[in-house]
Amino acid sequence: MALLIPSALRAGEDDPKGLVILEISGALANASNDGVRRYDMQQIEGLGLHEIITETPWTPGRTSFTGVLMRDLLADAGAQGDVISAVALNDYSVDIPISDFDRYNVIMATKMNGEYLTIRNRGPLWVIYPYSDVRSLRNELFYTRSIWQLRSIEIR
Amino acid sequence: MIRWRGIFDRMLLYGAVLMAALSIVVIVSAIRTAQETSQNFNDNLTFYAGQMEVEALLLQDALSRSAVNDPSLEPGAVTLRFDILWSRVFNELDPEVFWTDETTYELAMQTLQSSREALQEVEAPVAALQPLDVAGAVAIKNRIRPIVFEARALHLASKDSRVRNQTTLVRHQLAQTNLVFGLIVGMALFGVCSILLLRADRREIQSMNARLEDRVRQRTDDLQSANRRLAGEIAERQRSQDLAEERETRLEQAVQLARLGYYVWDSIEDRCELCSGQHAAAYGMTPTQFIAAADGRAAALELIHPDDRTKVAEKYQELCDGHIIEVSYRVKTSSGTRRLREVARPIFDDVGNVIRVSGSTLDVTDQYETELKLFEAQKMDSIGKMTGGVAHDFNNLLAVILGNLELLQEAPTDEERDEMFQDAINATLRGRDLTMSMLSFARRAPLDPSDLQLNEIVAEMHGMLRRTLPESISLEVVLSDDLSTVVADRSLTESTLLNLAINARDAMPDGGRLTIETSNVTLSNDQIDAAGEEIEPGEYVMLAVTDTGRGIQKELMANIFEPFFTTKEFSKNSGLGLSMVQGFMRQTGGTVRVYSEPGVGTTFKLLFQAAVAQDAVAEPAEMPDVATPPASLRVLLVEDDDTVRKILTRQLEISGMCVVPAAESAAAEHAYQTDGPFDVVVSDIVMPGDLQGPSLLRRLRETDKDLPGVLLSGYPQEAIMHGNGVSPEDVMVMKPVGREDLIAAINLALNPGSAPSPKRS
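Remember, it's a predicted structure, so these values are computed and weren't measured experimentally. (Residues numbered from 1 in each chain as written. Chains lettered and ligands numbered in written order. Predicted model: local features only at pLDDT ≥ 70, side-chain atom pairs only at ≥ 80, totals over all residues. Heavy atoms only, no water.)

Draft legend 1. Quick look at the environment of Ser 115 of chain B. All names here are of chain B. Here Ser 115 shows up in helix α5 (residues 102–128). The exposure class of Ser 115 is buried, given its relative accessible area of 0%. Sequence separation between Ser 115 and Phe 90 is 25 residues; the distance between their C-alpha atoms is 8.8 Å. Not counting residues up to four positions away in its chain, the partners in contact with Ser 115 are Met 52, Val 89, Ile 147 and Glu 150. Within the local environment of Ser 115, its side chain forms a polar contact with the backbone oxygen of Thr 111, the two atoms lying 2.6 Å apart. (Helix = DSSP H or I, 4+ residues; strand = E, 2+ residues; numbered from the N terminus. Buried < 20%, exposed > 50% of the residue type's maximum accessible area, 1.4 Å probe, protein only. Contact = heavy atoms within 4.5 Å. Polar contact = N/O pair within 3.5 Å; in protein donor to acceptor, adjacent residues only side chain to side chain.)

This is the structure in C-alpha cells:
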C-alpha cells in the first residue's frame, strides 16, 4: 500500500523556505540553534510519502491518506527519546510512545484522497494509524493518538 | 438402591456438563460484554463534545478580542478558530466509535447538524469581519453561542449516558459474578458430591472386589472340594464296584466252598423256578432233573425221607403263610441218606401275597456224622478221665475199710468190733454207690430219692468222718432242731457230704476246724435272683460244710463246678467231686452255694428243697441179668498181689471155673504154654516183671489172636498210659471187684457187646 515518492526537494538542515507547519523540539540531534526543528510542507513531503487506505471513526468509508512515516520524520529530526508529546492547533495534546512508529506504519498525513488537508478537513497534518490493516489499533487508545491539526511535537 | 445410584450419577454428570457449559457461556458473554463496552461505551463522544464546546468558546473569545482590536490577538485567529470549529462540526461520526445510546447519538447528530447550519450562516460574516466591528462580532457571537450550549448539553448527555451504561455494566457484571459464583459453588458441591460418591464407590468397589474375591475363592474352593468329592465318589464307586465284584466272586466261592445250595420256588405256578447244582446234587440229581421231579409241592415232598415229610410239610405251610423257616430233613438218594438243613424265606408282592420262595440248603450229612463221632470221642475221653479219677475217691473208702479191719485185729471189745464191722461194710457199700454215682453222672443214672432227715445222716456219718480226718482237724457238728425232711437219694447225699468233708480236709493240710451245720432256710425271689440260681423260691434245708483252709481263689470260683476241674494233683482226685455234687443237687431240686475267702476258709452250703409231697423222680435201678459163663471155663489169672490173687481164685473157683493163677507175666506165659489152652485171661495191669497186663495180652495173642482178656486195675489211666496192648474187646475191671462183677466181666469178654457194663451188677 505504500507509495514512495522520491524526495527531489531535500533541503538539508536549513530553515524551511515555505510556511512552517510543524515544529519539533526536545531531545533531538538535528535541531537549529534555538533547539527547534521546523518543517514546511515541502520538507515534510521530501522525507518520502507513504499511503494508507483505511477507515477511521471520523471519515465516511475507506479513505486514502498520504503522508510521511512518523519514524522517517523522527529520524530526520534526530529524535533521541521514547515518547513524543504532540500538540494540535486547538490545543489538544497527546503523548505517543515512539515505539508505535517502529511497530506500525504510522504516517503523518498531508493528503486525504489525493488532496492536501485543510484546517477544516483536520489538516494540515493528521497522524493516521493503519486501522483497517491492524485490528488491534481500532480502539480508543489509538484513536486518541490519531491527533489532527498537528502543530508541534516535543520529544522526551 | 443401585438403580437410584445410577440415576443420581447420571444427574450428577448432566449437572456437571450443564454447569461447565453455563460457565463457558457466562465467561464468553462477560468477555463479549467487556469488549462491547470498551468499544461502545467509551468517552469518545463526551470528549468530542467537550472539545467542541472549548473550540466554540475560543471562537467567541477571538471574536470578542477582534471587536476591541486586542493587540495580542494573532492575525487570522478568528478564521483559524472558525475553521477549527468547522472541522469539528463537519464530521461524520462513526456510530461504532461514538455510540453511547440511541438518544444521545441522535442528540449528537442534531447538535452537529444545528452547529453546521450556524457555522454556514456565519461563514461569510466571519470572513468579512474587520477589527473593531463590534456589531458584526456580536452578531456572529450570538449565532455561535447556541453551539457552546448545545456542545455542553451533548457533553453532559453523553456523560450521563456513560454513567448509565456503566451502571448497567456494573449491574450486568454483578449478575454475571453472582452467576459465576453460583456456578463455582455448584461445581464445588458437585465436586464434593463426586468425591464422596467416588469414595463410596471405591469402598463399594473394594468391598465388591473383596466379595467377588471371596466368592471366587469360595467358588474355587467349592469347585476344588467338588472335584475332590467327585474324584472321591468316582474312586468310591470304583471301589464299590470292585468290592461288589469281589464280593460276588467271594460269595460265589463261599457258596461253592460252603456247599450251599439254593433254589427259588414259584408259589403261583407251584413249581421250582431255579435250582443250583449243589441243591440238586444233595438230592442226587442235576438241576434239570430236580426241577422236573419237584413239579408241585406234593411232588417235592415225595423226594424227602418219609419220616420227615410231615415235619417238612408243616414248615412249608408256614413258609407259604409268610414266615421264614429253618428245617432239617433227610433225603434218600442212590448214594445213601443225606441230611439237609434248609433256610427259606418268602418273597411278597405289593399287597403282601407270597409269590416266591427263596431257599438255601446245606448238606450237613458229613457234619452230622462228624459230630456223632466227636460226641463219642468226647464221651470216651470223659469216661476215661472219670474212671481214672475215681481211684482216689475209692481209695478213701478203702482207707476207711482198711482202718477198721486193722482195728478189728486189735479187737478191743465186742461192741467196738461190731461198730467197726458196720463201718467197713458201710464204706464198702458207699464205694459201690460211689461207682454208681459216677455212672449216674456219666449217664444221668436215675436217682433213688426217699425221705431223709439230714440230721440223722450227719449223725450216722459222724464216726466215719471223725476217723477219716487227721488229728490236726477238729470236727464240729451244729444241728438245727425241727429240721424239715428232704427228699433225696440217700447214698448220693452221704457221698456228697463225704466228698465235701474230704475236700475240706485237703484244704487244711496243716490242720484246722471242719464244721458241719444244718438249718431250715427260706429263700425269697430276690435272694435267688441275686445268686443267679435256677430254683424256686420257698422253704429249704441247708447242709453246710465249713473249713478254715486256704480258701478258693476268686478267679477259680467260676471253674470249681466244671467236670475234671481240680486244683489237686491228678492222682489225688478225679476232679469230678464238685461237679457231681452240683449235678446231684440240681437233680434233687436244690442248689449249692460256695462262700470262700482265700486264707480264711470255705463254706459249701447244700440247699435241699424242704419236702412237701415230692414225687419220685427216678425209676428204680434196673438190674441187668448176668449170664452165667460156662462153668468149665479155663481161666489164666495173673495177679501179683497174693491176697487178691487168692481171693480172686477162690471167687472164680466157687463159680465152677478152672483157674490157673500166675504171680507175674513170665509165670503167666509159662502157664499159658504148659497148661493151655485158656478160654480167657484175667490180668492185673500193673505188675512187676517185664510185661504189664496189656503187653502180656498182646504177647499171648500172637498165638491166639481171639483170646478174650479181662484187665484189672485200681487205676484205668494205667491202661491208657501203657497203650497198644488193649484191644477194644478187652474188659477193664476196677479193683476191688466183687465176684459177680468179675464173672460178668469174663462173660462180657467172652461175648463182646452182650451186656452194657460189668459194673452194673
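Draft legend 2. Here's a closer look at the sheet that holds strand β5 (residues 354–363) of chain B. Residues and elements named next belong to chain B. The sheet built from five strands is open, its strands ordered β2-β1-β5-β4-β3 with antiparallel pairing. Each edge of the open sheet is held by one strand with a lone partner, namely β2 (271–275) and β3 (325–333). Here the average twist between neighbouring strands, direction ignored, is 30°. Judged from the seven bridges that link them, strand β1 (residues 260–266) and β5 form a sheet pairing that is antiparallel. In the sheet register, Trp 265 faces β5, and the bridge partner there is Val 357. (Pairing = 2+ DSSP bridges. Axes fitted to C-alpha atoms, helices over the stretch in contact; angles between N-to-C directions.)

Draft legend 3. A look at unusual backbone geometry. Residues and elements named next belong to chain A. Residues Gly 123 and Pro 124 are joined by a peptide bond in cis, for which omega reads 10°. Along the chain, Pro 124 turns up in the loop between β8 (115–116) and β9 (126–128). In the Ramachandran plot, Asp 91 falls in the positive-phi region, its phi being about 70° despite a non-glycine side chain. Topologically, Asp 91 is positioned in the loop between β5 (83–88) and β6 (93–97). The class for Asp 91 is partly exposed, based on a relative accessible area of 46%. Within the chain, Asn 113 stands out as a residue other than glycine whose phi angle is a positive 50°. Inspection of the secondary structure puts Asn 113 in the loop between β7 (107–112) and β8.

Draft legend 4. Geometry of the nonpolar core. Counting residues in each nonpolar core, the largest one holds 79 residues, and the members touching the most others are Leu 22, Leu 73 and Tyr 129 of chain A. Among the elements that line this core, the one with the most residues is helix α2 (residues 44–67) of chain B, at nine residues. Leu 483, Met 508, Leu 543 and Val 592 of chain B belong to the second-largest nonpolar core, a separate cluster that totals 43 residues. (Core = buried A, V, L, I, M, F, W, Y, C linked by side-chain atoms within 4.5 Å.)

Draft legend 5. Local environment of the pairing of strand β10 (residues 538–547) of chain B. Residues and elements named next belong to chain B. β10 sits mainly inside the fold: seven of its 10 residues count as buried. Taken together, the nine bridges between strand β9 (residues 512–523) and β10 define a ladder with antiparallel strand orientation. When the bridges of β10 are listed, Thr 515 appears paired with Thr 546.

Draft legend 6. Examining the interface of chain A and chain B more closely. Counting from both sides, the interface comprises 17 residues of chain A and, opposite them, 25 residues of chain B. Across the chain A/chain B interface, buried area totals approximately 1700 Å², and carbon plus sulfur atoms make up 51% of it. When the buried area of chain A at its contact with chain B is split by residue, Asn 90, Arg 120 and Glu 140 of chain A rank highest and sum to 38% of it. Taking the shortest distance from any N to any O, the salt bridge between Asp 83 of chain B and Arg 120 of chain A comes out at 2.8 Å. The tally of links from chain A across to chain B stands at six residue pairs in polar contact (both at pLDDT 80 or more). For the side of chain A that touches chain B, the elements supplying multiple residues, two or more each, are β4 (59–69) and α4 (140–145) of chain A. A class-by-class count of the residues in the side of chain A that touches chain B yields eight nonpolar, four polar and five charged. (Buried area = accessible area lost by both parts, 1.4 Å probe. Salt bridge = Lys/Arg side-chain N within 4 Å of Asp/Glu carboxyl O. Nonpolar A, V, L, I, M, F, W, Y, C, P; charged D, E, K, R; others polar.)

Draft legend 7. Examining the sheet that holds strand β10 (residues 150–155) of chain A more closely. Residues and elements named next belong to chain A. Strands sit in the order β2-β1-β10-β5-β6 across an open sheet of five strands; the sheet is mixed. A single partner strand is all that each edge strand has here, and the edge strands are β2 (37–40) and β6. Each strand axis lies, on average, 20° off the axis of its neighbour in the sheet, ignoring direction. Pairing of β5 with β6 involves five bridges; the strand directions are antiparallel. Bridging from a neighbouring strand, Ile 84 pairs with Ile 96 of β6. Taken strand by strand, helix α2 (residues 70–77) contacts β1 (20–26), β2, β5 and β10, and its axis lies near 130° from that of β2.

Draft legend 8. Fine view of empty space enclosed by the protein. Scanning all chains against the criterion turns up four cavities of 30 Å³ or more. Reported here for the largest cavity is a volume of approximately 210 Å³. As for the largest cavity, its lining consists of 15 residues, of which Trp 58, Tyr 92, Tyr 143 and Trp 148 of chain A together with Phe 47 of chain B are closest to the centre. Of all the elements in the fold, those that place two or more residues in the lining of the largest cavity are α4 of chain A together with α2 of chain B. (1 Å grid on protein atoms, 1.4 Å probe; cavity = no way out; pocket = protein on both sides within 12 Å on 5 of 7 lines; lining within 4 Å. Points joined across faces, edges and corners; volume = space filled by probe spheres on them.)

Draft legend 9. Region of interest: the side chain of Thr 496 of chain B. Positionally, Thr 496 of chain B belongs in helix α14 (residues 490–507). Other than its neighbours up to four places away in sequence, Thr 496 of chain B contacts Val 581, Phe 584 and Leu 606 of chain B.

Draft legend 10. Local environment of the packing of α2 of chain B against α5 of chain B. Residue and element names in this part refer to chain B. The contact between α2 and α5 brings their axes to 12 Å, and the two run at 25°. Between α2 and α5, the interaxial angle falls into the category roughly parallel. Judged by the sense of rotation from one axis to the other, the crossing of α2 with α5 is left-handed. Of the residues in α5, those in contact with Leu 45, Tyr 48 and Met 52 of α2 are Thr 104, Ala 108, Thr 111, Leu 112 and Ser 115. Classifying every residue of the contact of α2 with α5 gives five nonpolar, three polar and no charged. (Parallel < 35°, antiparallel > 145°, perpendicular 65-115°, else oblique. Left-handed = near helix turned anticlockwise from the far one by under 90°.)

Draft legend 11. Summary view of the pairing of β9 of chain B. Two elements, strand β7 (residues 473–478) of chain B and β9 of chain B, share six bridges in a ladder whose sense is parallel. Following the sheet pairing, Val 477 of chain B is matched in β9 of chain B by Ile 516 of chain B.

Draft legend 12. Region of interest: the pattern of salt bridges. Residue and element names in this part refer to chain B. With the rule as written, the count across this model stands at 25 salt bridges over all chains. Between Glu 55 and Arg 88 there is a salt bridge, and its shortest N-O distance comes to 2.9 Å. Here the residue Glu 55 occupies a position in helix α2, and Arg 88 occupies one in helix α3 (residues 77–89), the gap between them amounting to 33 residues. By the burial criterion, Glu 55 is buried, and Arg 88 matches it. Between Arg 699 and Glu 669 there is a salt bridge, with the nearest N and O atoms lying 3.0 Å from each other.

Everything listed is a geometric property; what it means functionally is a separate question.
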